[in-house]
Amino acid sequence: MVLMNGGEFTMGSVRHYREEAPLKLVSVEPFYIDQYAVTNREFQAFVDATNYVTNAEKPLLDDHGQELSPPGSLVFQMAQGPVSLKDINNWWSLIEGACWHQPEGPDSDICERWDHPVVHISFFDAVAFASWSGKQLPTEAEWECAARSGTETDFPWGAELYEGGEVHANTWIGQFPWKHERLTGPPFTMPVGSFRPSENGLYDTIGNVWEWTCSRFVGHGQIHRACCPQQTKSDQEHPKVLKGGSHLCAPSYCQRYRPTARSPQDPSSSASHIGFRCIGRFQT
């Protein structure tokens, strides 16, 4: 874990998506944060120790306990050609059997992905792991403070996505969602630590996977939900804030690969581009 000194900083942006506004001066206490997102290897150790079953491994129920769909999760599937970007169902599918150890469904596994960030993790799954490990999930302010790395630029590494002509994070390169300059299919995630760390020593706060925070989503304007459909049907579950963008963020579609970007997500839902990292707070 890496120590963040905390302090005051200006949170949000008025230059990008409406849900990032307004600017506000916030203060956070010092805290420790995981250098990397939680990996499949780490989550496997948690499951081995606790026999934990994730939300994606359980049937989806309505408010009356009736089954709406069998166990599964939302999986990104690369389109075969140009499609309308107005319909996210053109690249998202609810796949029966998809979960953290079967990322694309029953015919997939994580045997060669132990150091990739764990995905198909709901907010409740992340909280369970954090509790087991003696940690917590960050607030949105804590997460953004850490991801900014003391900068006021759009990215932790500078003003441009490809600063200095260099790729700094795992984001979509090409025409989303059908043409990728690096890949022809899964896995779309990359091992944690594949790119240089930020100035404060953190890896992959931008791209690779969206990361859960413990903050409730409050915002104005258009509601953006991490570019994927929602699985839950309950009105009782207030959305939580996701941060950091993912490997699916692209200049041609979703430019939410920045520290100020945010997305609401139902806490019981999961998808192939959502993971998390933990923090440790000082005891008072």
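See the structure above.
Residues numbered from 1 in each chain as written. Predicted model: local features only at pLDDT ≥ 70, side-chain atom pairs only at ≥ 80, totals over all residues. Heavy atoms only, no water.

Visitor: Got a minute to help me understand unusual backbone geometry in this structure?
Guide: Only a minority of non-glycine residues have a phi that is not negative, and only a minority of peptide bonds are not trans. Cis geometry is adopted by the peptide bond preceding Pro 22, which originates at Ala 21 and carries an omega value of 0°. The amide bond that connects Pro 186 to the next residue, Pro 187, takes the cis arrangement and shows omega of 5°. The topology assignment puts Pro 187 in the loop between helix H3 (140–148) and strand E9 (210–216). Of note, the phi angle at Asn 51 is positive, near 60°, even though the residue is not glycine. Among the secondary structure elements, Asn 51 is positioned in the loop between helix H1 (40–50) and strand E5 (60–61). Exposure remark for Asn 51: the relative accessible area of 64% places this residue in the exposed category. Residue Asp 204 is not a glycine yet carries a positive backbone phi of 60°. (Helix = DSSP H or I, 4+ residues; strand = E, 2+ residues; numbered from the N terminus. Buried < 20%, exposed > 50% of the residue type's maximum accessible area, 1.4 Å probe, protein only.)

Visitor: Please clarify how the sheet that holds strand E4 (residues 31–33) should be interpreted in this entry.
Guide: Adjacent strands of a sheet pair through backbone hydrogen bonds, lying either parallel or antiparallel. Pairing in this open sheet of three strands is antiparallel, and the strands run E1-E4-E13 from one edge to the other. Because the sheet does not close on itself, it has two edges, and the strands there are strand E1 (2–4) and strand E13 (279–281). Along the sheet, successive strands turn relative to each other by an average axial angle of 30°, direction set aside. Pairing analysis gives three bridges linking E4 to E13, with the strands arranged antiparallel. Bridged to Ile 33 within E13 is Ile 279. Contacting E1, E4 and E13, H3 runs over the sheet at an angle of about 70° to E4. (Pairing = 2+ DSSP bridges. Axes fitted to C-alpha atoms, helices over the stretch in contact; angles between N-to-C directions. Contact = heavy atoms within 4.5 Å.)

Visitor: How do you make sense of the side chain of Ser 198 when you look at a structure like this?
Guide: Tracing the backbone through its elements, the reader meets Ser 198 in the loop between H3 and E9. On the accessibility criterion, Ser 198 (16% relative accessible area) is buried. Dropping the residues within four chain positions of it, Ser 198 is found in contact with Ser 149 and Pro 156.

Visitor: Can you walk me through the sheet that holds strand E12 (residues 274–275) in this structure?
Guide: As summarised here, the arrangement of the four strands in space is E11-E10-E9-E12, forming an open sheet in which the pairing is mixed. On the outer flanks of this sheet lie strand E11 (262–265) and E12, each paired with one strand and no other. Two elements, strand E10 (residues 240–243) and E11, share four bridges in a ladder whose sense is antiparallel. Paired with Val 241 across the bridge in E11 is Pro 264.

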